[in-house]
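Here is how the chains run, residue by residue.
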Amino acid sequence: TNGNLVAAYDQPTSSSWGWRDLCWDGTYLYGSDSTMIQQINPATGTVTGTSITGPLNPNRALAYDPSTEHFWTGGFGTDIYEINRSGTVINQYSNANGIYGMAWDSHTAGGPWLWVWSQDGSGTVCSQFDPASGAYTGVTYYGVTPPGGIAGGAAFERIGPDYLFIGLHQADPNDYIIGYRLPGDRSVVNPAQFLLLLLD
């Protein structure tokens, strides 16, 4: 949480970009650079041999709902999919956003929510999606724009006393991980209430 490098691992992938947005089930990481969602051991950075066939190629954005053990995925203008551990599509919802990342939020009142991190309009956008109704709520926040920055992966995590939406900004010459404290009242759309934490 101080932004210090703990470990780095080579990705055993055949694609030029490697795994996209990662998610976490409490034990393993999951990532995709093809139709397969690979289970990754965070202690070694290696795949375990367990994989899930997803609905997209790649399954660009990933989030995990611990209560149902379902995964959520989406991509550039693709539908948003909810799948189980067997890869069976449980639900499929329309979407027009250029999705790069997703984050599951079990902590905010009225939720759970799925936060969608996309590259739309004038920059990076964090949009609240209601998994119960299968639609965006209209609550939207805009991220800062580092030089040349576009959206990347996303997470929702507790850091200290705060729960933060964490967005990867793919920038030039450096990428940035930026934490945003969303307002306690998520119905109030006010990007000025962001607390920006640049993990340097």
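In this numbering scheme, every chain counts its residues from 1 along its sequence in written order. At least 70 in pLDDT is required for a residue's local features to be given in this predicted model, at least 80 for side-chain atom pairs to be given and counted, and no such filter applies to totals for whole chains, interfaces and linings, which use all residues. Heavy atoms throughout the structure, all of them, feed into the side-chain values; hydrogens and water do not.

Caption draft 1: The sheet that holds strand 8 (residues 89-93), seen in detail. Here, strands pair whenever DSSP counts at least two bridges between them. Each helix corresponds to a stretch of at least 4 residues labelled H or I by DSSP, and each strand to a stretch of at least 2 residues labelled E; elements are numbered beginning at the N terminus. Spatially, the 4 strands line up as an open sheet ordered 5-6-7-8, and their pairing is antiparallel. On the outer flanks of this sheet lie strand 5 (61-65) and strand 8, each paired with one strand and no other. Across the sheet, the mean angle from the axis of one strand to that of its neighbour is 20°, orientation sign disregarded. Here 3 bridges tie strand 6 (residues 70-74) to strand 7 (residues 80-83), and the two strands are oriented antiparallel to one another. To get an axis, fit a line to the C-alpha atoms, keeping to the stretch in contact for a helix; angles then go from 0 to 180 degrees between the N-to-C directions.

Caption draft 2: Region of the structure containing the sheet that holds strand 1 (residues 23-24). The 4 strands are arranged 1-2-3-4 in an open sheet whose pairing can be described as antiparallel. Edge positions in the sheet fall to strand 1 and strand 4 (46-53), since each has one partner strand and no second. Of the pairings in the sheet, the one linking strand 3 (residues 36-41) to strand 4 comprises 5 bridges and is antiparallel in character. Note that in strand 4 the partner of Asn41 across the bridge is Thr46.

Caption draft 3: A look at the environment of Ala103. Looking at the element boundaries, Ala103 is found in strand 9 (residues 99-105). For the pair formed by Ala103 and Trp115, sequence separation is 12 residues and the distance between their alpha carbons is 5.1 Å. Whether two residues touch is decided by their heavy atoms; if any such pair falls within 4.5 Å, the residues are in contact. The residues contacting Ala103, other than those within four sequence positions of it, are Ala63, Trp113, Leu114, Trp115, Ala154, Ala155, Phe156 and Phe165.

Caption draft 4: Local environment of unusual backbone geometry. Residue Asn57 is joined to Pro58 through a cis peptide bond whose omega torsion reads 0°. Mapping Pro58 onto the fold places it in the loop between strand 4 and strand 5. Following Gly111, the chain continues into Pro112 via a peptide bond in cis, with omega recorded as 10°. As for its position among the elements, Pro112 is in the loop between strand 9 and strand 10 (113-120).

Caption draft 5: Examining the pairing of strand 2 (residues 29-32) more closely. As paired strands, strand 1 and strand 2 are joined by 2 bridges and run antiparallel to one another. Bridge pairing in strand 2 places Cys23 opposite Tyr30. Two successive antiparallel strands, strand 1 and strand 2, enclose a turn made up of 4 residues, where Gly26 displays a positive phi of approximately 100°. One ladder, built from 4 bridges, connects strand 2 with strand 3; its direction is antiparallel. Within the sheet, the bridge partner assigned to Leu29 lies in strand 3 and is Ile40.

Caption draft 6: Examining the environment of Thr50 more closely. As for its placement among the helices and strands, Thr50 is situated in strand 4. The cut-offs for exposure are 20% and 50% of the maximum accessible area for each residue type, with area from a 1.4 Å probe on protein chains only; residues under the lower value are buried, those over the upper are exposed, and the others partly exposed. Of the residues examined, Thr50 reaches a relative accessible area of 41% and is grouped as partly exposed. Separated by 10 residues in sequence, Thr50 and Ile40 place their C-alpha atoms 8.5 Å apart. If sequence neighbours within four positions are ignored, Thr50 has contacts with Ile37, Gln38 and Gln39.

Caption draft 7: Quick peek at the confidence of the model for the protein chain. On a scale of 0 to 100, pLDDT captures the predictor's confidence in every residue. Per-chain confidence: the protein chain averages 87 in pLDDT, with 90% of residues scoring 70 or above. The low-confidence segment residues 185-200, where pLDDT is below 50, has 42 contacts with residues more than four positions distant or belonging to other chains.

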